[in-house]
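Reading the structure
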2 protein chains.
Amino acid sequence: MANPTAAMLVIGDEILSGRTRDSNMHRLACELTKHGIDLTEVRVVADDRAAIIAGVRALAATYDHVFTSGGIGPTHDDITAEAIAAAFETPIGIRADARAILEAHYDSTGQELNAARLRMARIPDGATLIDNPISAAPGFILGNVHVMAGVPAIFEAMLASVLPALTGGAPILSQSIRIDRGEGEIAAPLSELADDFSDLSIGSYPFMRDGVHGTHVVIRGTDAARIDAAMTRLAEDLSGGPA
Amino acid sequence: MANPTAAMLVIGDEILSGRTRDSNMHRLACELTKHGIDLTEVRVVADDRAAIIAGVRALAATYDHVFTSGGIGPTHDDITAEAIAAAFETPIGIRADARAILEAHYDSTGQELNAARLRMARIPDGATLIDNPISAAPGFILGNVHVMAGVPAIFEAMLASVLPALTGGAPILSQSIRIDRGEGEIAAPLSELADDFSDLSIGSYPFMRDGVHGTHVVIRGTDAARIDAAMTRLAEDLSGGPA
């Protein structure tokens, strides 16, 4: 059975302007791979209501799970929660449990739960809260969409709390080999290998070190024995065939 | 006049599996910002023909310029050129000038221009070649789509050669200030500032250092005097108003 699929929607002007280098996509990719869920598409959009709505609708309709990052803080440019609610045509308002979480947090730190901070208790109707162990303001799950913070430490913590509840497929196993020849020299045997092991994903990634071209070949799949077989065959092909 | 818009299509299984951390998106974002072109959307898709075709069609129809990275090497998983040609319903074949570039390169390095490497001379009809000073195999421009390599050093070199030919808008200027208060404390004055300076983009980015919450506020726009005025007003607001 095919693995579940997932997509990510990264929300934030700062990524698109180059001010911030996103790290959440890479983190999500690694975690989903370990969990047996195939990350299939990522989109990055600005803090723009129409762009968020269009992006989340397209991804939620196409993939099993969607993860968003960014735009759930207290300031004027944090519009993700409102946009997600609009995408699902769901009412949104301050929710008592989310408010209680924020009250407890700001009480304990001696800070005021002002109007701006209270916006972080605005949760679409019917959503499930995602715990935020770092700065309290929760994320939420609405339908198949997981709405999470953009701050990497909080994104990671939220991801860790939602992943165990998702049904993963078989974990993706991989083996890789470094070959000190350029991609162009090994392309033909690699292509034949890919044809003969069509149940596996065979990727080749060129590198250049000290002026020498080389290739990393990565073979990925869910069946360890098949990956072993493909690796053995590749080694034979590149050494001129079996003895 | 509004700046030209751009989008990026990152192509590669290795990004989505987490094997490779993409760096080309951040590079493109920084270069376009300097050049006065607004990067407005990024999509990341797998080495999948249908996904590449759908992605490039959607982005080319919506934005002034599209940049792709990845999938133009010699191996079986390098399918970008064919997919771009299909997206534009344009024939593709080995082109004499691209072949000559590869022949000269492999002659000079004493390597064979085999069938796999020759695939890198397959260029859609009507495209313009993009110079590759590092490993010779060219990128190309078809319509408003710039098809470039995924290897970061080559992507950068190709970008440097195409950017001067694109008409940029006014370069985006920015000023930033570090405020040692949490976002929630400054959200109200920031929101008023954003209303009063709606010609500027005002972003706030929380950080936590040594257990203390702080905020970077970044004000961006094309008019230096307006950015100065907004920064002065922000400083006044946060210090309790002008004397």
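Residues numbered from 1 in each chain as written. Chains lettered and ligands numbered in written order. Predicted model: local features only at pLDDT ≥ 70, side-chain atom pairs only at ≥ 80, totals over all residues. Heavy atoms only, no water.

1. Some words on the sheet that holds strand β9 (residues 173-179) of chain A
All names here are of chain A. Spatially, β9-β11-β10 is the arrangement adopted by the 3 strands of the open sheet, whose pairing is antiparallel. Edge positions in the open sheet fall to β9 and β10 (201-209), since each of these has one partner strand only. Averaged over all pairs of adjacent strands, the angle between strand axes in this sheet comes to 20°, irrespective of strand direction. As paired strands, β9 and strand β11 (residues 212-221) are joined by 7 bridges and run antiparallel to one another. Bridge pairing links Ser 174 to Arg 220 in β11. Its contacts with the sheet put helix α8 (residues 183-196) on β9, β10 and β11, and the angle it makes with β10 is roughly 170°. Of the strands in this sheet, β9 and β11 are in contact with helix α9 (residues 224-238), which crosses β9 at around 15°. (Pairing = 2+ DSSP bridges. Helix = DSSP H or I, 4+ residues; strand = E, 2+ residues; numbered from the N terminus. Axes fitted to C-alpha atoms, helices over the stretch in contact; angles between N-to-C directions. Contact = heavy atoms within 4.5 Å.)

2. Overview of the relation of the copies chain B and chain A
Expressed as a screw operation, the relation of chain B to chain A combines 0.0 Å of axial shift with a rotation of 180°, fitting to an RMSD of 0.0 Å. The transformation relating the two chain copies, once decomposed into turn and shift, fits a two-fold axis. Looking at the rotation axis and the C-alpha trace of chain B, the residue lying nearest is Arg 43 of chain B, at 2.2 Å. (Least-squares fit on C-alpha atoms with pLDDT ≥ 70 in both.)

3. Digging into the domain arrangement of chain A
In terms of domains, chain A is made up of domain 1 (5-165) and domain 2 (173-238). Using only C-alpha atoms to locate each centre, domain 1 of chain A and domain 2 of chain A end up separated by 37 Å. (Domains from an automatic or database assignment.)

4. Notes on the sheet that holds strand β2 (residues 38-45) of chain B
Taken together, 12 strands build an open sheet; the order of strands is β6(A)-β7(A)-β8(A)-β3(A)-β1(A)-β2(A)-β2(B)-β1(B)-β3(B)-β8(B)-β7(B)-β6(B) and the sheet is mixed. The sheet terminates laterally at β6 (128-130) of chain A together with β6 (128-130) of chain B, the two strands that pair on one side only. Shown here is a sheet whose adjacent strand axes are inclined to one another by a mean of 20°, direction ignored.

5. Description of unusual backbone geometry
Located in the positive-phi region is Ala 136 of chain A, a residue other than glycine, with phi close to 75°. Its place among the elements puts Ala 136 of chain A in the loop between β6 and β7 (139-142).

6. Structural notes on the packing of helix α3 (residues 49-62) of chain B against helix α4 (residues 80-87) of chain B
Residues and elements named next belong to chain B. Closest axis-to-axis distance for the α3/α4 pair is 9 Å, and the angle between their directions is 50°. Looking at the two axes, α3 sits oblique to α4. The chirality of how α3 crosses α4 is right-handed. Seen from α3, the contacting residues are Arg 49, Ile 52, Ile 53, Val 56 and Arg 57; seen from α4, they are Thr 80, Glu 82, Ala 83, Ile 84, Ala 86 and Ala 87. (Parallel < 35°, antiparallel > 145°, perpendicular 65-115°, else oblique. Left-handed = near helix turned anticlockwise from the far one by under 90°.)

7. A look at the pattern of salt bridges
Residue and element names in this part refer to chain A. This model, assessed by the stated rule, comprises 26 salt bridges over all chains. Between Glu 103 and Arg 99 there is a salt bridge, with its nearest N and O atoms 3.1 Å apart. Taken as a pair, Glu 103 and Arg 99 lie in helix α5 (residues 96-108) at a separation of 4 residues, close to a single helical turn. Its relative accessible area of 33% is what places Glu 103 among the partly exposed residues. Arg 99 gets classed as partly exposed once you look at its relative accessible area, which sits at 36%. Asp 196 serves as the salt-bridge partner of Arg 233, at 3.0 Å between the closest nitrogen and oxygen. Residue Arg 233 is found in helix α9, and its partner Asp 196 is found in helix α8; the two are separated by 37 residues along the sequence. One network of salt bridges, in which partners are shared, links Arg 27, Glu 31, Lys 34 and Glu 156. (Salt bridge = Lys/Arg side-chain N within 4 Å of Asp/Glu carboxyl O. Buried < 20%, exposed > 50% of the residue type's maximum accessible area, 1.4 Å probe, protein only.)

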